[in-house]
Amino acid sequence: MNAITAKNIHKSFGSLSVLEGITFEAERGSVLAILGPNGAGKTTLVRILSTLLRADSGTATIEGFDVHDQADEVRHIIGLTGQYAAVDEFLTGRENLRMIGRLYHLSKKDSWRRAEELLEQFDLVKAADRAAKTYSGGMRRRLDLAASLIASPPVVFLDEPTTGLDPRSRLAMWDIIKKLVADGSTILLTTQYLEEADQLADKIIVIDGGKVIAKGTADELKENVGKEQLEFVFTSDKDYKKARETMFEDAVKADAKRRSISIANDGGVRKLKDLLQQMEEAKINVEGLSLHKPTLDDVFLKLTGHAAEDAAQDEEEK
Amino acid sequence: MAEATAAVQGIKPEKHSKLYWAFADSRVLIWRSISHIIKNMDQLLSVAFQPIMFMLLFRYVFGGAINTGGTTYVNYLVAGILVQTAAFGSTYTAIGVATDLQRGIIDRFRSLPMLSSTVLIGHTVADLVRNTISSVIMILVALAVGFRPQANVWQWLMILGVMLAFTLALSWLSAILGLFAKSVEAVQWISFVFIFPLTFASTAFVQASSMPGALRIFAENQPVSQVIEAIRALLLDKPLGNYGWKALAWSIGIIVISVPLATILFRKRATH
């Protein structure tokens, strides 16, 4: 069964069209990542799914409840962690959690008990009696996430949960999210970090300009750009230019500044040998060569075409 | 597969009527806003000190030059400062609402199964508490510098009633401002622009009869003056005249209009 469904969601603000027909579903107990650059419409989508905003058209359901017509039922079963940690600055961590528990309409006993469990789970016991305004960015984010989990909601929305966090806090947040999944919650996560989607998600939906431009597992998306990539770094700009124009017009990625070109390699060692031979003959000097697995970065750049544009611009400047 | 994905069930909420939850949510958010008063000592001190400074300023610096038509200046002054304090104090609702919107905690409330507009009730009730604290402190200081009220117990209770009604009215107006404002800074200057003329172009510090034509008509008839005159008459055991019911009519009128208006605006603003 699908925990989250969205059908042809449209939303615009005045003349600005933000979502132009988003359709997807998330299976119960899975992690779905909505991946896209800033301004792609990720937050708007989360706001619609979490009942904060009404779609212009289209329908969405959470565990079978319509987000508009049955908003109250939906609010009982979702947890929302926004991009900006929404905790009460003056209250302590413990008070924040207990208050949110009460506002979820849990009994006092359940609210108090869950607050203690979550403080423990999120490593906030020592800071529990300090005002949230004294917390670091990572602690605030953890408190915010803890608050959204106070009622153990079956569906959790994480809107850019690690944006603005330092690398260590980000890793800590990833661990927490992985544990949530193990507990069986359905998670919808938005992110602009491709690595994050790769690490956490079962299924990824790539959106750009308010439209879904690709969906699939991380592996499926990666296959779009070939199983492996070969990256050549050329000795001089001249070598780079020549290689780009004569041999690698369909490169996955080209970076004029680094004089590097990446291509999909599906022919194994033999193709590599052929390529090197061709370059030898054409007198193109290669300084370095590396072989790596494609990242979601590569996928995204290829899908949106931004990579090709950037490369073209780079070359025009030369 | 179905069993492997047996989802987290969620903790069951308590079962009660909608009305029960409206009260329960209000209680939680009133607790929250009152906690803010206790935890934000800087704010409470500034709320408490400002009227004391005005009190001393007018009592000792300007007071000698002001004709009050009978009573001592300090006796005249207390009603004005009480109401001015309530007016300035009510801006904390606007600041609180604007801050909650800006920080995103209203989004959090709205994603919960609660009645999220009760956040406004929290802020306005906290204003009542904050203003009561600062009014009591101010009256104690006034007594120390020569204030001699003539009111009996009933008159004091009426003063309390008039003050609470007017403070609540101003706080709900202030909530509307907080919902309109683009930022917390905007709230501060906009509320100043409204409150400054309303409290100074009134009978708070001087009699309206000393003011030039149009200003005098404004000062005599605007709501702040009605409330000040009502409280002044009660404090000094003078005839209440029309001031009592005018003060209450203004307060209740503002509350009746601003509470539903603020609630509608809250829903609109919160959903963008």
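Computed from a predicted structure; not experimentally measured.

Conventions adopted
Residues numbered from 1 in each chain as written. Chains lettered and ligands numbered in written order. Predicted model: local features only at pLDDT ≥ 70, side-chain atom pairs only at ≥ 80, totals over all residues. Helix = DSSP H or I, 4+ residues; strand = E, 2+ residues; numbered from the N terminus. Buried ≥ 20, exposed ≤ 12 C-beta atoms within 10 Å, placed from the backbone. Contact = placed C-beta atoms within 7 Å. Pairing = 2+ DSSP bridges. Axes fitted to C-alpha atoms, helices over the stretch in contact; angles between N-to-C directions. Parallel < 35°, antiparallel > 145°, perpendicular 65-115°, else oblique. Left-handed = near helix turned anticlockwise from the far one by under 90°. Nonpolar A, V, L, I, M, F, W, Y, C, P; charged D, E, K, R; others polar. Core = buried A, V, L, I, M, F, W, Y, C linked by C-beta atoms within 7 Å. Domains from an automatic or database assignment.

A.B. asks: How should the overall build of chain A be read in this particular structure?
C.D. replies: Within chain A one finds 12 helices and 14 strands. Along the longest, intermediate and shortest principal axes, the C-alpha atoms of chain A span 80 × 45 × 35 Å. Every one of the 318 residues in chain A was classed for burial, and the buried ones make up 49%. Put simply, of all contacts in chain A between residues at least 6 apart along the chain, 69% involve residues at least 24 apart.

A.B. asks: Would you explain the sheet that holds strand β4 (residues 57-62) of chain A in this entry?
C.D. replies: Strand pairing in a sheet takes place through backbone hydrogen bonds and is either antiparallel or parallel in direction. All names here are of chain A. Taken in spatial order, the 4 strands of this open sheet run β2-β1-β4-β5, and their pairing is antiparallel. The sheet is open, and its two borders are formed by β2 (16-27) and β5 (65-66), each paired with just one other strand. With 9 bridges connecting them, strand β1 (residues 2-13) and β2 associate as antiparallel partners. When the sheet's bridge partners are listed, H10 is paired in β2 with E20. Strands β1, β2 and β4 of the sheet are contacted by helix α1 (residues 42-49), whose axis makes an angle of about 120° with β1.

A.B. asks: Help me understand the pairing of strand β10 (residues 211-216) of chain A in this model?
C.D. replies: When a strand is regular, its side chains alternate between the sheet's two faces. All names here are of chain A. Bridge analysis of strand β9 (residues 203-208) against β10 gives 5 bridges, and the strand direction is antiparallel. Looking at the pairing, D208 lines up with K211 of β10. Turn length for the β9-β10 hairpin, with the two strands adjacent in sequence and antiparallel, is 2 residues, and the turn residue G209 shows positive phi of about 60°.

A.B. asks: Explain the packing of helix α3 (residues 93-103) of chain A against helix α1 (residues 18-39) of chain B to me, please; I cannot follow it from the model alone.
C.D. replies: Think of two packed helices as two axes; the pair is described by the angle between the axes and how far apart they sit. Where α3(A) meets α1(B), the closest approach of the two axes is 9 Å, and the angle between their N-to-C directions is 160°. Relative to α1(B), the element α3(A) lies roughly antiparallel. Here α3(A) runs over α1(B); the crossing is left-handed. For the pair α3(A) and α1(B), contact is made by M99(A), R102(A) and L103(A) and by D25(B), V28(B) and R32(B), respectively. Grouping the amino acids of the contact of α3(A) with α1(B) by side-chain chemistry returns 3 nonpolar, no polar and 3 charged.

A.B. asks: Sorry if this is basic, but what is going on with the interface of chain B and chain A here?
C.D. replies: Interfaces are often sized by the accessible area lost when the parts come together. Taken together, the contact pairs 30 residues of chain B with 39 residues of chain A. Among the elements of the structure, α1 and α4 (105-110) of chain B are those that each provide at least two residues to the side of chain B that touches chain A. Of all the elements, α1(B) adds the most residues to the side of chain B that touches chain A, at 7 residues. For the side of chain B that touches chain A, the class distribution of residues is 12 nonpolar, 10 polar and 8 charged.

A.B. asks: Sorry, what's going on with the nonpolar core here?
C.D. replies: Generally speaking, a soluble globular protein has its nonpolar side chains buried in company with each other. Among the nonpolar cores identified, the biggest contains 143 residues, and A33(A), L49(A), V83(B) and I231(B) are the most heavily contacted of them. If you tally residues by element for this core, the top one is helix α3 (residues 73-103) of chain B, at 16 residues. Mapping this core onto the domain boundaries places at least three of its residues in each of domain 1 (2-216) and domain 2 (223-317) of chain A. For L49(A), the residues in contact, after removing those within four places along its chain, are I4(A), A6(A), A60(A), I62(A), V67(A), F157(A) and L188(A). Residues F232(A), Y240(A), A243(A) and A256(A) belong to the second largest nonpolar core, which totals 13 residues.

A.B. asks: I tried to follow the environment of K15(B) on my own but got confused; where do I start?
C.D. replies: Residues and elements named next belong to chain B. Along the chain, the position of K15 falls in the segment before α1. Residue classification places K15 among the exposed residues on the basis of 7 C-beta atoms within 10 Å. In sequence terms K15 and L128 are 113 residues apart; their C-alpha atoms lie 32 Å from each other.

A.B. asks: Help me understand unusual backbone geometry, please; the structure alone is not making it clear to me.
C.D. replies: Both trends apply: most residues other than glycine have a negative phi, and most peptide bonds are in trans. Residues and elements named next belong to chain A. We note that E63 has phi near 50°; this positive angle belongs to a residue other than glycine. Backbone geometry places E160, a non-glycine residue, at a positive phi of 45°. You can see E160 is positioned in the loop between β7 (155-159) and α6 (167-183).

A.B. asks: Explanation requested: the domain arrangement of chain A in the structure shown.
C.D. replies: Residues and elements named next belong to chain A. Partitioning chain A into domains gives domain 1 (2-216) and domain 2 (223-317). The C-alpha-based centres of domain 1 and domain 2 are spaced at 38 Å. Contacts between domain 1 and domain 2 engage 7 residues on the former and 6 residues on the latter. Per-element tally for the side of domain 1 that touches domain 2: the top contributor is helix α7 (residues 194-200), with 3 residues.

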